[in-house]
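Remarks on the overall topology
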Amino acid sequence: MITIIDYDAGNIKSIVNMLRALGVKSQISGVAEDIVNADKLILPGVGHYDHGMRKLAEHGLINAIKEAAQVKKTPLLGICLGAQLLLRGSEEGNQSGLNLIDGDTVAFDRSRMDGKLRVPHMGWADTEKLSDHALSDAFPNDARFYYVHSFHMKTDSPETAVLSAYHGYAFTAGIAKGNILGYQFHPEKSHKYGMGVLKAFSEWVPQ
Amino acid sequence: MSAVPLRRVRIIPTLLIDRTGRLVKTVKFGKRTYIGDPINAVKIFNRKEVDELVLLDIDATTDGRPPNYALIEDIVSEAFMPVGYGGGITHDDHIEALYKCGIEKVILSSCLSEEVDLIEPAAKRYGAQAIVACLPIKKAFARGQKVMLRSGTKAHKKTPLALAQDVVAKGAGEIIVYSIDRDGTYSGYDIDLIKQISDEVDVPVVACGGARNIEDFVTAIRDGGCSAVAAGSFFVYHSKTRGVLISYPPAADLVDRVFKKLALT
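Residues numbered from 1 in each chain as written. Chains lettered and ligands numbered in written order. Predicted model: local features only at pLDDT ≥ 70, side-chain atom pairs only at ≥ 80, totals over all residues. Heavy atoms only, no water.

1. Details of the overall build of chain B
The number of helices and strands found in chain B is 9 helices and 14 strands. Relative to a compact globule of 265 residues, whose C-alpha radius of gyration would be 18 Å, chain B shows 17 Å and is just as compact. Along the three orthogonal principal directions, the C-alpha set of chain B runs to about 45 × 45 × 40 Å. A total of 265 residues make up chain B; the buried ones form 57% of that total. Put simply, of all contacts in chain B between residues at least 6 apart along the chain, 66% involve residues at least 24 apart. Only carbon and sulfur atoms are counted for the fraction: they give 51% of the accessible area of chain B, which is about 10,900 Å². Looking at chain B, you have 35 positive and 33 negative side-chain charges, and the mean spots of the two groups are 6 Å apart. (Helix = DSSP H or I, 4+ residues; strand = E, 2+ residues; numbered from the N terminus. Rg over C-alpha atoms; globule rule 2.2 N^0.38 Å. Buried < 20%, exposed > 50% of the residue type's maximum accessible area, 1.4 Å probe, protein only. Contact = heavy atoms within 4.5 Å. Areas by Shrake-Rupley, 256 points an atom, 1.4 Å probe, with all protein chains shown as cover. Lys, Arg positive; Asp, Glu negative; His and termini not counted. Charge placed at Lys NZ, Arg CZ, Asp CG, Glu CD.)

Written as structure tokens, this is what we have:
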């Protein structure tokens, strides 16, 4: 069963809807004990970085997530802001992130972008694999997803940057380290492509 | 990535619902044609894998009603793409309730003429990308263009451009420029209007009103400078003899006739 972390900063309903359509069981919880004992975790997230981290702290979930991810090696999928929270922090704010994967979250660099392109990046983008990771099979050649963000992830090591998409320049669209995954796009808003990703996550058994 | 990838732009069906929860088409925000059940339409658009949907309750504000959450939830549950909602939003509580329904972005329009600003606090809490300002614009005789709120009946004091800059400064992450004069007329987008605003703001601008063919999408983006296009009547064909047909161009058509024509390099 997938446990979707409820910390009052994410669009949980749509994730539940898509999992239900896939016939995948899920539960929603904002309780630390449930997070520690979960089989699999999804960390959703929408909005300001600091707001997200503060909400996780308020709900007493930071240590629970770290314990689940680092000690119990529970499969953990961060989505959108949830993916960015896995890193050290963000240029968007001042709060420290969960620090589960080495890297930062940075603003889109407009000096590298054609003037016609806007921020937030909003829309569908083709997404390609930089290297293989646990859910690689869920990313066929024509994979595309819905993105909505003003900041993007930047890992310290190229090994943990597994997916790439383009908005003015190529940016890191997916990060992975063992049982911990983070995708910048919204699988729950990405039709069959997103369904493929959530299905693969539900079936994934880390070695 | 070796070459610059395909530039995909959003092509967004706009669904208008009336006070009884029925789907309608309008012409210049006036004459209404009843189309049918919005949930059915969303199911079809979902099957066709449309990019995104905009759902507008065109009576909520004038009726003094909050959003119809039950209907919105039912609609969102059929959509595996983002849905933006507007209509009757006058308070923070409405915004929070809408996100809980699964709405991706709230679309604020009539509340732009009220004293209390909803944009800034919502943008701080939910992020700019979740807040859209919709500016319905009409050419007023001898007074130039006006932003007409409350179903096109109440003029805002500021010029469309000034209001656009204002909402972006407050934190809106996207603007819909909706031409009332072109609405439902199949006469093409108002390129000058779109360009006027797109040139002066740095957030994505979505054009709406007047689309008659796929080529209009290209013109709006290439010449008007907007980032995405929305259309209502274009996707919902209604004829007395053949009923209602909901359509969306196939993905391959969009690639060949739109995306490839918009390459930046």
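2. Side note on the overall build of chain A
Broken down by element type, chain A carries 6 helices and 12 strands. Overall, the C-alpha framework of chain A stretches about 50 × 35 × 30 Å when taken along its three principal axes. Within chain A, the fraction of its 207 residues that count as buried is 61%. Carbon together with sulfur atoms contributes 45% to the accessible area of chain A, which is approximately 7,900 Å² in total.

3. Comments concerning the packing of helix 1 (residues 38–47) of chain B against helix 3 (residues 69–76) of chain B
Residues and elements named next belong to chain B. Contact geometry for helix 1 and helix 3: axes closest at 9 Å, N-to-C directions at 20°. When the axis of helix 1 is compared with that of helix 3, the two are roughly parallel. The two elements helix 1 and helix 3 meet at a crossing, and its hand is right-handed. Along its contact with helix 1, which presents Pro38, Ile39 and Val42, the element helix 3 presents Leu71, Asp74 and Ile75. In terms of residue class, the contact of helix 1 with helix 3 is made up of 5 nonpolar, no polar and 1 charged. (Axes fitted to C-alpha atoms, helices over the stretch in contact; angles between N-to-C directions. Parallel < 35°, antiparallel > 145°, perpendicular 65-115°, else oblique. Left-handed = near helix turned anticlockwise from the far one by under 90°. Nonpolar A, V, L, I, M, F, W, Y, C, P; charged D, E, K, R; others polar.)

4. Looking at the side chain of His121 of chain A
Inspection of the secondary structure assignment puts His121 of chain A in strand 6 (residues 121–126). Residue contacts for His121 of chain A: discarding those within four places in its chain leaves Phe108, Tyr147, Val148, His149, His167 and Phe171 of chain A.

5. Details of the state of the cysteines
Using the criterion set out here, one finds 0 disulfides over all chains in the structure. We note that Cys101 of chain B lacks a disulfide partner, and the nearest cysteine sulfur, in Cys111 of chain B, lies 17 Å from it. (Disulfide = S-S within 2.5 Å.)

6. Remarks on the pattern of salt bridges
Considering all chains together, one arrives at 33 salt bridges over all chains under this definition. A salt bridge links Lys55 of chain A to Glu58 of chain A; the nearest nitrogen and oxygen atoms lie 3.2 Å apart. Taken as a pair, Lys55 of chain A and Glu58 of chain A lie in helix 3 (residues 49–58) at a separation of 3 residues, close to a single helical turn. You can call Lys55 of chain A buried: its relative accessible area is 14%. Residue classification places Glu58 of chain A among the exposed positions, given a relative accessible area of 57%. The residue Arg212 of chain B makes a salt bridge to Asp216 of chain B at a minimum N-O spacing of 2.9 Å. Among the residues examined, Arg212 of chain B registers a relative accessible area of 42% and is labelled partly exposed. Through salt bridges with shared partners, a single ionic network connects Arg19, Arg32, Asp57, Asp59, Asp63 and Arg65 of chain B. (Salt bridge = Lys/Arg side-chain N within 4 Å of Asp/Glu carboxyl O.)

7. A word on helix 7 (residues 191–198) of chain B
Residue and element names in this part refer to chain B. Looking only at helix 7, the buried set comprises Leu193, Ile194, Ile197 and Ser198. Projected onto a plane normal to the axis of helix 7, the buried residues spread over an arc of 120° and lie on a single side. At its buried positions, helix 7 is contacted by strand 7 (131–140), strand 8 (144–149), helix 6 (160–170), strand 10 (174–179), strand 11 (205–208) and helix 8 (214–222). (Arc of directions from axis to C-beta.)

8. Considering the nonpolar core
Phe217 and Val258 of chain B are the most contacted members of the largest nonpolar core, which totals 77 residues. The residues contacting Phe217 of chain B, other than those within four sequence positions of it, are Ile11, Tyr189, Ala211, Val229, Ala231, Phe234, Phe235 and Val258 of chain B. Judged by nonpolar contacts, the second largest core, of 45 residues, contains Met18, Leu22 and Ala138 of chain A together with Phe80 of chain B. (Core = buried A, V, L, I, M, F, W, Y, C linked by side-chain atoms within 4.5 Å.)

9. Describing the packing of helix 1 (residues 12–21) of chain A against helix 6 (residues 191–203) of chain A
All names here are of chain A. Helix 6 packs onto helix 1 with a crossing angle of 80° between their chain directions and a minimal axis gap of 10 Å. With respect to each other, helix 1 and helix 6 are oriented roughly perpendicular. Two secondary-structure elements touch here, helix 1 through Met18, Leu19 and Ala21 and helix 6 through His191, Gly194, Met195 and Leu198. Of the residues contributing to the contact of helix 1 with helix 6, the split by class is 5 nonpolar, 2 polar and no charged.

10. Quick word on the interface of chain A and chain B
Residue-level contacts link 36 residues of chain A with 42 residues of chain B. When the buried surface of chain A facing chain B is broken down by residue, Arg118, Met122 and His191 of chain A rank first, second and third, together holding 22% of it. There are 5 salt bridges connecting chain A and chain B. Here Glu49 of chain B makes a salt bridge to Lys192 of chain A, at a shortest N to O gap of 3.4 Å. Seen at the junction of chain A and chain B, the total is 15 residue pairs in polar contact (both at pLDDT 80 or more). Residue assignment for the side of chain A that touches chain B shows that the elements contributing at least two residues are helix 1, strand 6, strand 8 (144–149), strand 10 (161–166) and helix 6 of chain A. (Buried area = accessible area lost by both parts, 1.4 Å probe. Polar contact = N/O pair within 3.5 Å; in protein donor to acceptor, adjacent residues only side chain to side chain.)

11. A look at the environment of Met53 of chain A
Residues and elements named next belong to chain A. Structurally, Met53 is set in helix 3. Under the relative-accessibility criterion, Met53 is labelled buried at 2%. Discounting chain neighbours no more than four positions away, the residues touching Met53 are Ile62, Leu85, Gln95, Ser96, Gly97 and Leu98.

Scope: geometric values only; no functional claims are made or implied.
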